[in-house]
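What follows is the residue order along each chain.
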Amino acid sequence: MRTLRTGVLIIGSGGAGMRAAIEAAKHSTVTLVSKGPLGRSGATVLAGADVMADGASLRRLGFENDGSDSPDAWAQDIVAEGFHLNDERLVEVYVEGAGAEVGALVRWGLSVRRVIPRAVLTTGVSISAALRKGVSECGSSISAVDNVMVLDLVKRDGQVVGAVALDRTTGDLLLIEARATVLATGGWHQAYSFNAGPDEATGDGQAMAYRAGAELVDMEMVTFAPNILLAPPRHRGSLWFYILPGMLLNRNGDAFLSWLDPRVAKLALTTEWNKLLVSHASAKEVSAGRGSPLGGAYFSMKHLPWNVFDAIAAEHPGWRFQGDDFSHLMGKLRDGHAAEVGPAAEYFEGGIRIDERCQTTLAGLYAAGECTGGLFGANRVAAATTEMLVHGAVAGRAAGEAAAGRKVPPIPKQDAEALGEGALAILDRPPSIPVEELREQLRELAYRDVGVLRHKESLEGAVRSLAELADASGTLGVATKRKEQNLEWSRAIELRNMLQVVQASALAALQRAESRGVHYREDCPAVDNKRWRKHIVVQFRQDQPALSFADVDSRSAVCAEIVPYEDAIVRAAEALAT
Amino acid sequence: MAEERQVTLSVRSWSKSGRGPVQEYTIPVLDETDVLSALEHIHAHLDPGVAYRSSCRRGVCGGCRMLIDGELRLACETEVRDGMEIDPYGSE
């Protein structure tokens, strides 16, 4: 097995990984490993995108602002939005670090389109380009490899000392010895049959941390973004309609958002609470048998007068959004047709448990960005771009410093080979049930039963089915036997990661017998602050998931009472400073 | 809104030399189906040996750049047509 030695190993080359690399390179050599296209991977390029910081910090950076805001006021809002499940040490790190990160991006050439009270508006592509400039300024202290998929972390004496990876170009295994390791692998979008994430988001980091013994936290918390295009195929998963003014109709033609509790209707239509409220409303129509043919809702713009429609068109030259050309579809909408949209898995509040230095519960292992859990509690409204930047900087610094003062003994060859065996066995075994069949079963099950609306019975069914799928995946053998560029083999390896992460998520969702934030249980539709203002922690013990509870690290007091879900949302919104 | 039709695509398979054999696949597609979605369908339902690289599927990351009818194009941004020749690793 080829061996590569480095100071800091960073797994994932999206925004969190690049930011971590820049910071770690001040202290150590860095190797940035990327499964997808280098420096363009992950959800970063797809971000909307706003980068948030409190108003006072933005004003210090020279952006127009009345300056009345503060990191503390912002932190209070984040905790209210998170239904008081946030780890407030992490919230403090986030709000305190945000201003410096906006400043750093601007120095690397971020193009700012507009400034709003708590954010600069830009694009994911511009954020990514700025970070690539930051990485290139570090010169040879950062080396990068792409199309390399990390399989598992290597531990010695309870410490993470590197990883075993698969070079997908050659099909060869690779041992990476590292004095510190940072996971920056993003979410597990692809475990859902309908999602708004990139192809490589398969929960690899969460799963490898979990298998190595690290704690996962808040895994039941998954954000679905509403109004995501179900069709045509070339636009499936795009967030384009999320930013357009449309009217949602069920299959009977009812404008079902008008049925919302009037106290939450305004939030649903005018604020980012729409992610939660509109997703829930759409999913309820589908489960009541009133969904559109593709299992979503109709999105119509027919209520707009033509001159209003054309004014919107003028703001979006050529109907282009990100890299896509929507002119054909928009022509149909102008003619009065409706598109089909639905809620798609978009962001994961839960993930690897970290402390305020982004250290996981394993020595030598750090994590940054969407693969972590705890910062946003039960519901993220504040920017995930800022999360990846602040975490990236903190994790990169901590890992760099740790690597500079640490010696790691060489990894015995047999230890490394043992970690690669599982992947090689998939290639060596005779063809089994097709990988794609199991993958589709998992994705449909996750979307249906661990999705927008949850219920005790369906979650119990999901837990049972997931155990069966895990058994079946344990004896997977692929039909394609070449080592090089073997997509079937990669997917089989990713399947194990997605299964373990969805299993953790389903178990936590079943355990949490209340509704809180994005976790909505139809069988218990109230926020239960008496029993459930606590984290659910999932750990891998004797090859099985084990659940435990952890107190919320908080300075804010919450009355220990049970509040109907809608009332809790109204209260949270009323408590916001902005 | 969506009309289903059949298209036949020629896909060059991966090989060390870069010139693997070409295989034809006939698949059902809807209006506005992109080449990447078509390859996905072939991989999932007809031939798991068909491989390609992809990431964002929205014309942003550039990960699915490949040879389509002899030209380097993004598979996610190219509408599929009957008779297309696709070489997923043809850009390397």
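Computed from a prediction, not measured in an experiment: that's the story for all the values here.

What follows is about the interface of chain B and chain A. Taken together, the contacts link 30 residues of chain B with 33 residues of chain A. Residue composition of the side of chain B that touches chain A, by class: 13 nonpolar, nine polar and eight charged.

On to helix α1 (residues 15-24) of chain A. Buried residues dominate α1(A), accounting for 10 of its 10 residues. Listed in full, the buried residues belonging to α1(A) are G15(A), A16(A), G17(A), M18(A), R19(A), A20(A), A21(A), I22(A), E23(A) and A24(A).

Now for the domain arrangement of chain A. Residues and elements named next belong to chain A. Structurally, chain A comprises domain 1 (227-344) and domain 2 (415-551). Its C-alpha centre places domain 1 at a distance of 30 Å from the equivalent point of domain 2. Taken together, the contacts link seven residues of domain 1 with four residues of domain 2. In terms of residue count, the dominant contributor to the side of domain 1 that touches domain 2 is helix α8 (residues 274-287) (six residues). Here the side of domain 1 that touches domain 2 is built from residues that sort into three nonpolar, three polar and one charged.

Once that is clear, we can look at the nonpolar core. Within the largest apolar cluster, 195 residues are counted, with the highest numbers of intra-cluster contacts made by I10(A), A21(A), A165(A), V182(A) and A367(A). Considering every element that reaches this core, the biggest residue donor is helix α15 (residues 487-511) of chain A, with 14 residues. Each of two domains, domain 1 (227-344) and domain 2 (415-551) of chain A, supplies a minimum of three residues to this core. Setting aside residues no more than four positions away along its own chain, A165(A) makes contact with V33(A), V148(A), M149(A), V150(A), L151(A), L174(A) and I176(A). Ranked by size, the runner-up nonpolar core spans 21 residues in total, among them W14(B), L74(B), C76(B) and I86(B).

Attention shifts here to the packing of helix α3 (residues 71-81) of chain A against helix α4 (residues 88-107) of chain A. Residues and elements named next belong to chain A. Where α3 contacts α4, the two axes come as close as 9 Å, and the packing angle between them is 135°. By the angle class used here, α3 and α4 are oblique. For the crossing formed where α3 meets α4, the hand is right-handed. The segment α3 lies against α4, with P71, W74, A75, I78 and V79 engaging E88, V91, E92, V95 and E96. Of the residues that constitute the contact of α3 with α4, the class distribution is seven nonpolar, no polar and three charged.

Procedures and definitions
- Residues numbered from 1 in each chain as written.
- Chains lettered and ligands numbered in written order.
- Predicted model: local features only at pLDDT ≥ 70, side-chain atom pairs only at ≥ 80, totals over all residues.
- Contact = placed C-beta atoms within 7 Å.
- Nonpolar A, V, L, I, M, F, W, Y, C, P; charged D, E, K, R; others polar.
- Buried ≥ 20, exposed ≤ 12 C-beta atoms within 10 Å, placed from the backbone.
- Helix = DSSP H or I, 4+ residues; strand = E, 2+ residues; numbered from the N terminus.
- Domains from an automatic or database assignment.
- Core = buried A, V, L, I, M, F, W, Y, C linked by C-beta atoms within 7 Å.
- Axes fitted to C-alpha atoms, helices over the stretch in contact; angles between N-to-C directions.
- Parallel < 35°, antiparallel > 145°, perpendicular 65-115°, else oblique.
- Left-handed = near helix turned anticlockwise from the far one by under 90°.

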